[in-house]
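# Per-entry structural report
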Amino acid sequence: MKETPVLKSSDPAGANQHYGDNPIEVRDTDHYKQEYVRGFVEKWDELIDWDARAQSEGQFFIDLLRERGKRQVLDAATGTGFHSVQLLKAGFQVTSCDGSAEMLAKAFENGRKRGLILNTVHADWRWLNRDLAGKYDAIVCLGNSFTHLHEERDRRRTLAEFYAALKHDGILILDQRNYDQILDRGFSSKHKYYYCGDQVTAAPEYVDESLARFRYDFPDGSTYHLNMFPLRKAYTTNLMMEVGFTSVKTYGDFQENNDDADFFIHVAEKS
Ligand code: SAM
């Protein structure tokens with residue numbers, strides 16, 4: 001397929017996203033590495049206002065882990081390192097994993113700026129245990145990352161790899177956007193990406209049962225996109241149970257029994 005750049009505005013980092021002639025046809029799990037190009041990764045920290053995000057999340061993940069006595073944590077979707085840094089600062093032993101080398105480099109730099117050395121592992125979730133040594137008390141896969149898997153076999157495989165990388169009583173904490181709301185009722189502009197900075201607009205440009213294409217507009221006029229799989233809440237929790245997790249508890253925007261949330265956080269227990 002002939003590919004043409006989708007990004008129309010200037011991109012000082014010189015790395016454009018490529019979605020080809022028909023962007024909504026791009027529904028490929030391997031595409032995530034091309035989506036997080038250098039220009040986008042550089043701006044990701046603009047998209048994610050760390051202070052605002054830290055404030056909105058509060059101690060939620062730290063409390064979840066501490067209450068259960070978890071210490072060794074795998075941050076499976078490190079991105080630019082937000083959760084790895086928060087968890088390290090809170091005293092957890094953290095391994096920071098991502099399939100994108102660009103993201104890991106940025107995360108490492110972000111850690112160093114804060115006086116921390118991140119222990120990074122470059123690995124795709126689908127082959128996670130090939131690249132990891134040891135087992136973890138907990139795996140966190142946050143920031144709506146699991147949505148990047150477009151094929152059901154990749155989602156099953158990833159959850160099975162997460163399951164295998166956990167100790168016998170380990171937990172998986174995985175979040176996702178509330179796609180049921182978007183698929184069934186349309187996107188409401190009052191609902192904002194909970195970790196978005198004020199300056200960045202994130203909204204779906206196209207949605208069907210197997211694609212949510214989001215557009216991110218930055219203050220400098222640049223525009224980036226992400227093509228994601230719209231995970232229905234019940235589908236995700238069923239899949240978790242099917243690969244072997246014994247229970248899944250779901251929070252909506254950090255609260256129990258809140259189906260009207262923007263984001264769901266699933267806590268899956270191995271035993
Ligand atoms: N967790 C971070 C946060 O909340 O700021 C980053 C989230 S970012 C939306 C998603 C991350 O998942 C990206 O860094 C991407 O490289 C990673 N990712 C997507 N698919 C992956 C895969 N199959 N294997 C490993 N990493 C993957």
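Before reading further, recall that the structure is shown in the block above.
Let me begin by describing the structure that accompanies this report.

## Some points on the state of the cysteines
- As enumerated under the stated definition, the model contains 0 disulfides in all.
- Lacking any disulfide linkage, Cys97 is separated from the closest cysteine sulfur, that of Cys141, by 9.3 Å.
- On the basis of relative accessible area, Cys141 is assigned to the buried category, the value being 0%.

## Here we look at the nonpolar core
- With 41 residues, the main nonpolar core has Phe162 and Leu172 as its most contacted residues.
- Elements that contribute at least two residues to this core include exactly α2 (38-47), β4 (136-141), α8 (152-165), β5 (166-177), α9 (179-185), β7 (211-217), β8 (223-228) and α10 (233-242).
- Residues contacting Leu172, with those up to four places away along its chain left out, are Ile139, Leu159, Phe162, Leu166, Met240, Phe245, His266, Val267 and Ala268.
- Phe60, Val73, Val94 and Ile173 belong to the second largest nonpolar core, which has 17 residues in total.

## A word on the side chain of Glu161
- When you line up the elements, Glu161 lands in helix α8.
- Here Glu161 occupies a buried position and makes no salt bridge, while the nearest side chain of opposite charge, Arg157, is found at 4.9 Å.
- Here Glu161 is in contact with Trp125, Arg126, Trp127, Leu128 and Asn129, once residues within four sequence places are set aside.

## Focus on the packing of aromatic side chains
- Inspection of every chain in the model, using the stated rule, returns 10 aromatic pairs.
- A centroid spacing of 6.1 Å and a plane angle of 80 degrees characterise the contact between Phe61 and Phe254, whose relative ring orientation is edge-to-face. With a gap of 193 residues between them, Phe61 in helix α4 (residues 60-67) and Phe254 in the loop between β9 (247-252) and β10 (255-256) connect regions that are remote in the sequence.
- For Phe254, a relative accessible area of 21% translates into the label partly exposed.
- Aromatic pair Trp125 and Phe162: ring centres 6.1 Å apart, planes at 65 degrees, arrangement edge-to-face. Of this pair, Trp125 sits in the loop between β3 (119-122) and α7 (128-131) while Phe162 sits in helix α8, and the two are 37 residues apart along the sequence.

## Quick notes on the pairing of β3
- The sheet contact formed by strand β2 (residues 93-98) and β3 spans 4 bridges and is parallel. Residue pairing across strands places Thr95 opposite Asn119, the latter belonging to β3.
- At this point the chain moves from β2, through helix α6 (residues 101-113), to the parallel β3, and the crossover so formed is right-handed.

## Notes on the sheet that holds β10
- Strand order in the open sheet made by the 8 strands is β3-β2-β1-β4-β5-β11-β9-β10, with mixed pairing throughout. Each edge of the open sheet carries a strand with a single partner, namely β3 and β10.
- Bridge analysis of strand β1 (residues 72-75) against β2 gives 4 bridges, and the strand direction is parallel. By the bridge assignment for β2, Val73 is matched with Val94.
- The sheet strands contacting α6 are β2 and β3, and the helix crosses β3 at an angle near 175 degrees.

## Remarks on the packing of helix α3 (residues 50-57) against helix α5 (residues 82-89)
- The N-to-C vectors of α3 and α5 enclose an angle of 60 degrees; their axes lie 12 Å apart at closest approach. Classed by the angle they form, the pair α3 and α5 counts as oblique. In the packing of α3 onto α5, the handedness of the crossing is right-handed. Across from Trp50, Arg53, Ala54 and Glu57 in α3, the residues of α5 making contact are Phe82, His83, Val85 and Gln86.
- Counted by class, the contact of α3 with α5 contains 4 nonpolar, 2 polar and 2 charged residues.

## Considerations on the side chain of Arg213
- Here Arg213 lies in strand β7.
- One polar contact links Arg213 to His225, side chain to side chain, over a distance of 3.4 Å.

What counts as what
- Residues numbered from 1 in each chain as written.
- Predicted model: local features only at pLDDT ≥ 70, side-chain atom pairs only at ≥ 80, totals over all residues.
- Heavy atoms only, no water.
- Disulfide = S-S within 2.5 Å.
- Buried < 20%, exposed > 50% of the residue type's maximum accessible area, 1.4 Å probe, protein only.
- Core = buried A, V, L, I, M, F, W, Y, C linked by side-chain atoms within 4.5 Å.
- Helix = DSSP H or I, 4+ residues; strand = E, 2+ residues; numbered from the N terminus.
- Contact = heavy atoms within 4.5 Å.
- Lys, Arg positive; Asp, Glu negative; His and termini not counted.
- Salt bridge = Lys/Arg side-chain N within 4 Å of Asp/Glu carboxyl O.
- Phe/Tyr/Trp six-rings, centres within 6.5 Å; stacked < 30°, edge-to-face > 60°.
- Pairing = 2+ DSSP bridges.
- Right-handed = clockwise from strand over helix to strand, strands pointing away.
- Axes fitted to C-alpha atoms, helices over the stretch in contact; angles between N-to-C directions.
- Parallel < 35°, antiparallel > 145°, perpendicular 65-115°, else oblique.
- Left-handed = near helix turned anticlockwise from the far one by under 90°.
- Nonpolar A, V, L, I, M, F, W, Y, C, P; charged D, E, K, R; others polar.
- Polar contact = N/O pair within 3.5 Å; in protein donor to acceptor, adjacent residues only side chain to side chain.

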